[in-house]
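# Survey of secondary and tertiary structure
Spelled out from the first residue to the last, the chains are:
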Amino acid sequence: MSSLSRELVFLILQFLDEEKFKETVHKLEKESSFFFNIRYFEETVTNGEWDEVEKYLSGFTKVDDNRYSMKIFFEIRKQKYLEALDKGDHAKAVEILRKDLKVFSTFNEDLFKEIAMLLTLQNFRENDQLSKYGDTKSARAIMLVELKKLIEANPLFRDKLQFPSLKNSRLRTLINQSLNWQHQLCKNPKPNPDIKTLFVDHTCGQPNGARAPSPVTNQLMGPIPKVGGFPPIGGPGPFQHAPAPLTTSLAGWMVNANSVPHQAVSVGPMGLTPPNNAASMMLKRPRTPPTNNPALDYQTADSEHVLKRSRAFGLPEEVNKLPVNILPIVYPGQSHAHSSNSADDLPKNVVANLNQGSAVKSMDFHPVQQTLLLVGTNIGDISVWEVSSGERIEVRNFKVWDLGACTMTLQASMVNEYTASVNRVMWSPDGNLFGVAYSKHIVHLYAYHGGNDLRNHLEIDAHVGGVNDLAFSHPNKQLCVITCGEDKAIKVWDAVTGVKQYTFEGHEAPVYSVCPHYKENIQFIFSTAVDGKIKAWLYDNMGSRVDYDAPGHSCTTMAYSADGTRLFSCGTSKEGESFIVEWNESEGAVKRTYLGLGKRSVGVVQFDTAKNRFLVAGDEFKIKYWDMDNVNLMTSIDADGGLPASPCIRFSKEGTLLAVSTSENGVKILANTEGIRQMRSMENRAGASSKAPIIGTFGASGSAAGPSVGTDRNSPMGAMISLNGDSRNLPDVKSRISEEMEKSKIWKLTEISEQSQLRSLRLPDSLLSVRIIRLIYTNSGSSILALAYNAVHKLWKWQRSERNVTGKATAAVPPQLWQPSSGILMTNDISETNLEEAVPCFALSKNDSYVMSASGGKISLFNMMTFKTMTTFMPPPPAATFLAFHPQDNNVIAIGMEDSSVQIYNVRVDEVKTKLKGHQKRVTGLAFSNALNCLVSSGADAQICVWSLDGWEKKANKFLQIPSGRSSNPLAQTRVQFHQDQTQFLVVHETQLAIYEASKLECIKQWAPRESTSAITDATYSCDSQSIYASFDDGSVCVFISAGLRLRCRISPTSYLPSNPSSRVYPLVITAHPTEANQFALGLTDGGVHVMEPLEAEGKWGTVPPQENGTGPAAQDNSSR
């Protein structure tokens, strides 16, 4: 088969997977043998579908192909045999023995006889080798680990374990390009091409109604005419449908002007692109849903995630160069399929009651601090609540900050009634800002710095009349706030300066809600009006791209699922009938309408989405839940009563908590099991997260307790202040604020949140992606070695080239995932290991020739050139938990053990020279100092011990000081690393970073995360010891000045990780380049390894903070803790 035919098979596989033809997908995988779906294989093995397991395998290998294949089939059939014995089904066991296992007798007759003898035992566990056999589930899991290793090592599976990196819906894109080309060849091209079939080439009909001849494809006479082309769409193609019988069909988000009423033109969802001539101008008048649809093409087939298949067609040339989708391909079913949703996963248990004091109008949970809730009320109050403790952290009453700067219309309305209701509150994506939309003209933006540190940031006189909604967005990589109001307009404002960027006009009624989104690098905004009209806008002042009616002409809000791939809306008509629907964006049609909402709702029903699983709405004095994939009501609850007819509701970002308003001017917090755990965890931390300030983006004042600093609409910082809600001009205070602002200009923490602000490279990986547990650069600096959870080592090597003349590791040039010609993998012994309990470890020899490694089993010594195992030693128990070579003798290693001892082992003579005892739990860190002639050890007991290399006696020991308000995992690892000067060392614990003086074992500096929910996962000195790189379980990385542990730069996960809210990915380990002081690498929970460097123009991570600066998280002296 040619390479193009092979690629076509991959395109078909992708298409089938997106269309949910699961059985067909796996049949084609097997029959083509191009891609071995390890996830499907794992699922069938776990479920014990042995016939399907072997049937699927048979497409890739046979029993006698090689020793790896033989071992794979043997392990599967042996497990099937043991399960039959375990069930007492001897007849089945005999059949398996005769039909399945007999084939192996020709290769190892003794083994076959031993297996057969198991039939004679009452319980096969009486056999010594099977004495540790557990239950079926655990046995399958253990076997699966072994099978994956065999598959990875099997040459027949090479290059078949990784699906090619394709843009989503690639086959549809190619078909669409073909249709566009066919249309351009038409002699009489129409602006609205009518495509009903793919079976024959497209031609537009003649003006008199006669059918045009087929296009000439072998020769083009003259240039291609510049026609309007197909309307930009995001689905399978520019197919114009016949009128549809479904009143819910939208025909298409993008529509062209046409004088024929009710014509359904299929145009796409998110391919929101400007027209390239008048023929592509968008429809500007209302339309009604089509009424009939005799036939559907494949574009309208249900798809689990419609955005996965949405593509823009007929795009202008400059837009057509954009990548089809910025989301990575997920194949097969990684993000579309989740386990069946259970009602037990819903937050239904009432765990807290908050007394707000006035009617709640809007709520929003903090995007990072999951238990922080923002509430706005009908009298203009806003409150920030720590729901775990029930504490109201901060409250602000409605107050115009600078009435003199507002329009005369607003000033006049304030004279009559100096009150306003909150219509909407919302946090910015990073949680450093939040916005408040009021019923009178005004939008307030506040800067939140943690605890009760809430500062006025911007006051915007946004609309004439009420501001109905607001949302944050990042057009052109710039944080903006989008507002809409009673003046029928949508406006976009710079969230830093308050300068207006865009105004969108076209609605004929007050605009009720906005929903910004992005797709294919194109930013756009959905808007809905109170008359039920839906429009969409690009940031280009070119008018709306959508003009359509919401179901029931209802007053509607729209929202995406957490991963941004599914669009939902909920609304209530004037008659009180409510609708909650999912949209098929490929068609601009309603994909499914959920059942269970009331026919006589009071007010507009509010709804929300939880991750990619659930929908919730407040209706008929209840909370109603739906599974996104099932139109029937999943369940409903009254939350112990006391809810209004249409309560306000809001999920937390993880979907573990749900806030619902009550009829008694309060808020109930509901939680699922995980949410309860979060609440208790926060309670145990004694409110540390709500009282400890965090780094803010918009901070200006260095005074923690001073007045809040506001800003005018034309500068980042204004001279107006607000003290206890009272705004007035105070020259002396203005002077002081100005001085503080000038000081803040001297130094500001560098925040990196965009990919363009750094150089990051994810290393290529064709092996199974399993979380990285250990990571190190080779001493030469030209390679990176990783140890994964499955005990497999991965080695990346950079080669010398014109782009990389040094051959050193760099983020500018991708390395090669290196393997010897034999194809073997460096895999640790895990034969009798529980991987969940193991503490993997490795150490590299000085000349990079050997690596010593363990993953809970025997310690293995590998040759780094051939990957061959040179020897194994020291079988558990106890298991090795940390390894370190002696600095003066490569044959001597220090081994930290599970039993809390440190063993000094001589490899050459295979002898333990001495055992050091002083820890109470497993040893998790070791570091040698030549200068002080000592060894420092650290353990899960949070203890540090110093040992003399002369005689190995213990010189000192000390326990870590756990920061106040922090609780420590009893098995949390403590690691140590010496400074370049060999006299000080760094201590890394999930609760802190600390610098110790080794000779006195004295803590010099200690730093703890101010956000108590964020734990340190790892940290390391840079090669020159001038910096410390630390990783956190929220995905961020911080760069510190090692002298004084002063924070100089924070790297957000958004700058190096793809946007995928449905999965939580963060670095577990971090390692520094041995010669490049500003380069480090991260090992992630998803199996990825990233190399990070600052921009070449910058050359380093941020700027050095001054000693006296107080805006960043300062290190604290030991005495102050």
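Refer to the structure presented above.
To keep things clear, this report deals only with the structure shown in the data block. (Residues numbered from 1 in each chain as written. Predicted model: local features only at pLDDT ≥ 70, side-chain atom pairs only at ≥ 80, totals over all residues. Heavy atoms only, no water.)

For the rest of this paragraph, the subject is the overall build of the protein. A count of helices and strands for the protein gives 14 helices and 61 strands. Partitioning the intrachain contacts of the protein with sequence separation of at least 6 by distance along the chain shows that 58% fall at a separation of at least 24. Only carbon and sulfur atoms are counted for the fraction: they give 50% of the accessible area of the protein, which is about 46000 Å². (Helix = DSSP H or I, 4+ residues; strand = E, 2+ residues; numbered from the N terminus. Contact = heavy atoms within 4.5 Å. Areas by Shrake-Rupley, 256 points an atom, 1.4 Å probe, with all protein chains shown as cover.)

Let us now look at the nonpolar core. In globular proteins that are soluble, nonpolar side chains generally tend to be buried together. Ranked by size, the top nonpolar core spans 68 residues in total, and within it Phe36, Phe41, Leu57, Tyr81, Leu101 and Ile784 carry the most contacts. Broken down by element, the residue count for this core peaks at ten residues, all from helix H5 (residues 67-86). Those residues in contact with Tyr81, other than ones at most four positions away along the chain, are Ala93, Ile96, Leu97, Leu101, Ile115, Ala116, Leu118 and Leu119. Judged by nonpolar contacts, the second largest core, of 29 residues, contains Ala447, Ala462, Phe472 and Cys484. (Core = buried A, V, L, I, M, F, W, Y, C linked by side-chain atoms within 4.5 Å. Buried < 20%, exposed > 50% of the residue type's maximum accessible area, 1.4 Å probe, protein only.)

Here we come to the pairing of strand S58 (residues 1067-1072). Judged by how many residues are buried, S58 sits mostly within the fold: five of six residues are covered. Of the strand pairs in this sheet, S58 and strand S59 (residues 1080-1084) are connected by five bridges, and their pairing is antiparallel. Following the sheet pairing, Val1069 is matched in S59 by Gly1083. (Pairing = 2+ DSSP bridges.)

Glancing now at the environment of Ala139. Here Ala139 shows up in helix H8 (residues 136-153). Look at Ala139 and you get buried, because its relative accessible area is 8%. Remark: the alpha-carbon pair of Ala139 and Leu82, spanning 57 residues in sequence, is separated by 9.8 Å. Residues contacting Ala139, with those up to four places away along its chain left out, are Gln79 and Tyr133.

Compared with an ideal rise of 1.5 Å per residue, which puts 16 residues at 22 Å, helix H1 (residues 3-18) spans 23 Å between its outermost C-alpha atoms and is within 8% of the ideal. Where the residues of H1 are buried, they touch helix H2 (22-32) and helix H9 (170-184). Just downstream of H1 lies Lys20, where phi reads positive at about 70 degrees. (Expected span 1.5 Å × (residues − 1).)

A few words on a nonpolar patch on the surface. A cluster of nonpolar side chains, Leu198, Phe199 and Val200, forms an exposed patch at the surface whose accessible area comes to about 360 Å². Looking at the secondary structure, you find Phe199 in the loop between H9 and helix H10 (317-320). (Patch = residues over 30% accessible without salt bridge, like charges linked within 9 Å, V, L, I, M, F, W, Y side chains within 5 Å. Salt bridge = Lys/Arg side-chain N within 4 Å of Asp/Glu carboxyl O.)

Scanning the entire structure with this criterion turns up 38 salt bridges. Measuring nitrogen to oxygen at the nearest pair gives 3.0 Å for the salt bridge that ties Arg125 to Asp86. Here the residue Arg125 occupies a position in the loop between helix H7 (109-117) and H8, and Asp86 occupies one in helix H5, the gap between them amounting to 39 residues. The class of Arg125 is partly exposed, set by a relative accessible area of 21%. With a closest N to O distance of 2.5 Å, Lys533 and Asp549 form a salt bridge. You can see Lys533 sitting in strand S16 (residues 533-538) and its partner Asp549 sitting in strand S17 (residues 548-549), a full 16 residues away along the chain. A single salt-bridge network, built from bridges that share partners, covers Asp364, Asp608, Arg650 and Lys653.

The four strands lie next to each other as S42-S43-S44-S45, forming an open sheet whose pairing is antiparallel. Edge strands, defined here as strands with exactly one partner in the open sheet, are strand S42 (880-886) and strand S45 (911-917). Strand-to-strand twist of the sheet, defined as the mean angle between neighbouring strand axes without regard to direction, takes the value 20 degrees. Judged from the six bridges that link them, strand S44 (residues 901-906) and S45 form a sheet pairing that is antiparallel. Bridging across to S45, Ile904 finds its partner in Thr914. (Axes fitted to C-alpha atoms, helices over the stretch in contact; angles between N-to-C directions.)

Let's shift gears to the side chain of Asp619. Mapped onto the secondary structure, Asp619 falls in strand S23 (residues 614-619). Engagement of the side chain of Asp619 in a polar contact is seen with the backbone nitrogen of Gly598, the distance being 2.7 Å. Look past the residues within four positions of Asp619 in its chain and what remains in contact with it is Gly596, Leu597, Gly598, Ser601, Val605, Lys624, Ala645 and Pro647. (Polar contact = N/O pair within 3.5 Å; in protein donor to acceptor, adjacent residues only side chain to side chain.)

Attention now goes to the packing of aromatic side chains. In the structure shown here, the tally under the stated rule is 31 aromatic pairs. Ring geometry for Phe124 and Tyr133: centres 5.0 Å apart, planes at 80 degrees, overall edge-to-face. Through a chain of ring-to-ring contacts, the aromatic side chains of Phe36, Tyr40, Phe41, Tyr56, Phe60 and Phe157 assemble into a single cluster. One Lys or Arg, Arg67, reaches over the ring of Tyr68 and ends 4.6 Å from the middle of that ring. The ring of Tyr789 has Arg771 sitting right over it, with the charged end atom 4.0 Å from the ring centre. (Phe/Tyr/Trp six-rings, centres within 6.5 Å; stacked < 30°, edge-to-face > 60°. Lys NZ or Arg CZ within 6 Å of the ring centre and 35° of its normal.)

Bringing the packing of helix H3 (residues 38-46) against helix H4 (residues 50-57) into the picture now. Remark: H3 packs on H4, axes separated minimally by 8 Å, with the N-to-C direction vectors making an angle of 150 degrees. Accordingly, the angle class assigned to the pair H3 and H4 is roughly antiparallel. Considering how the two elements wind past one another, H3 and H4 form a crossing that is left-handed. Side by side, H3 and H4 meet where Tyr40, Phe41, Thr44 and Val45 of the first sit next to Trp50, Glu52, Val53, Tyr56 and Leu57 of the second. (Parallel < 35°, antiparallel > 145°, perpendicular 65-115°, else oblique. Left-handed = near helix turned anticlockwise from the far one by under 90°.)

The next subject is the sheet that holds strand S8 (residues 442-448). The four strands are arranged S6-S7-S8-S9 in an open sheet whose pairing can be described as antiparallel. Two strands close off the open sheet at either side, each with one partner strand: strand S6 (422-427) and strand S9 (454-461). This sheet shows a mean twist of 20 degrees between the axes of neighbouring strands, independent of strand direction. The sheet contact formed by S8 and S9 spans seven bridges and is antiparallel.

With respect to burial, strand S21 (residues 589-593) is a largely interior element, four of its five residues being buried. Pairing analysis gives four bridges linking strand S20 (residues 578-584) to S21, with the strands arranged antiparallel. Bridge pairing in S21 links Val581 to Thr593.

Here we come to the environment of Phe365. Examined against the element boundaries, Phe365 turns out to sit in strand S2 (residues 360-365). Not counting chain neighbours up to four residues away, the residues in contact with Phe365 comprise Gln370, Leu372, Leu373, Trp427, Arg650, Phe651, Ser652, Lys653, Leu657, Leu658, Ala659 and Ile669.

Once that is clear, we can look at the side chain of Thr371. As for its placement among the helices and strands, Thr371 is situated in the loop between S2 and strand S3 (372-377). Side chain to side chain, Thr371 and Glu386 meet in a polar contact 2.7 Å long. In contact with Thr371, not counting residues within four places along its chain, are Trp385, Glu386, Val387, Ser388, Leu657, Met679 and Met682.

The next thing to look at is unusual backbone geometry. Going from Pro876 to Pro877, the amide bond is cis rather than trans, its omega being -5 degrees. Tracing the backbone shows Pro877 in the loop between strand S41 (869-873) and S42. Across the junction of Pro877 and Pro878, the peptide omega takes the value -10 degrees, indicating a cis bond. Tracing the backbone shows Pro878 in the loop between S41 and S42. A positive phi angle, near 50 degrees, is found at His553, a position not held by glycine. The topology assignment puts His553 in the loop between S17 and strand S18 (555-560). Positive phi is not limited to glycine here, since Asp640 has a value of about 65 degrees. Position of Asp640 relative to the elements: it lies in the loop between strand S25 (633-637) and strand S26 (649-651).

Turning to the state of the cysteines, a few remarks are in order. Following the criterion strictly, the structure yields zero disulfides and no others. With no disulfide of its own, Cys1049 lies closest to Cys1038 among cysteine sulfurs, the gap being 8.1 Å. Taking relative accessible area as the criterion, Cys1049 reaches 0% and is therefore assigned buried. (Disulfide = S-S within 2.5 Å.)

Glancing now at the packing of H5 against helix H6 (residues 90-101). The interhelical angle for the contact between H5 and H6, taken along N-to-C directions, is 165 degrees, at an axis separation of 8 Å. As far as their axial angle goes, H6 and H5 are roughly antiparallel. For H5 against H6, the interelement crossing comes out left-handed. Here Phe74, Arg77, Lys78, Lys80, Tyr81, Ala84 and Leu85 of H5 come into contact with H6, specifically with His90, Lys92, Ala93, Ile96, Leu97, Asp100 and Leu101. Here the contact of H5 with H6 is built from residues that sort into eight nonpolar, one polar and five charged. (Nonpolar A, V, L, I, M, F, W, Y, C, P; charged D, E, K, R; others polar.)

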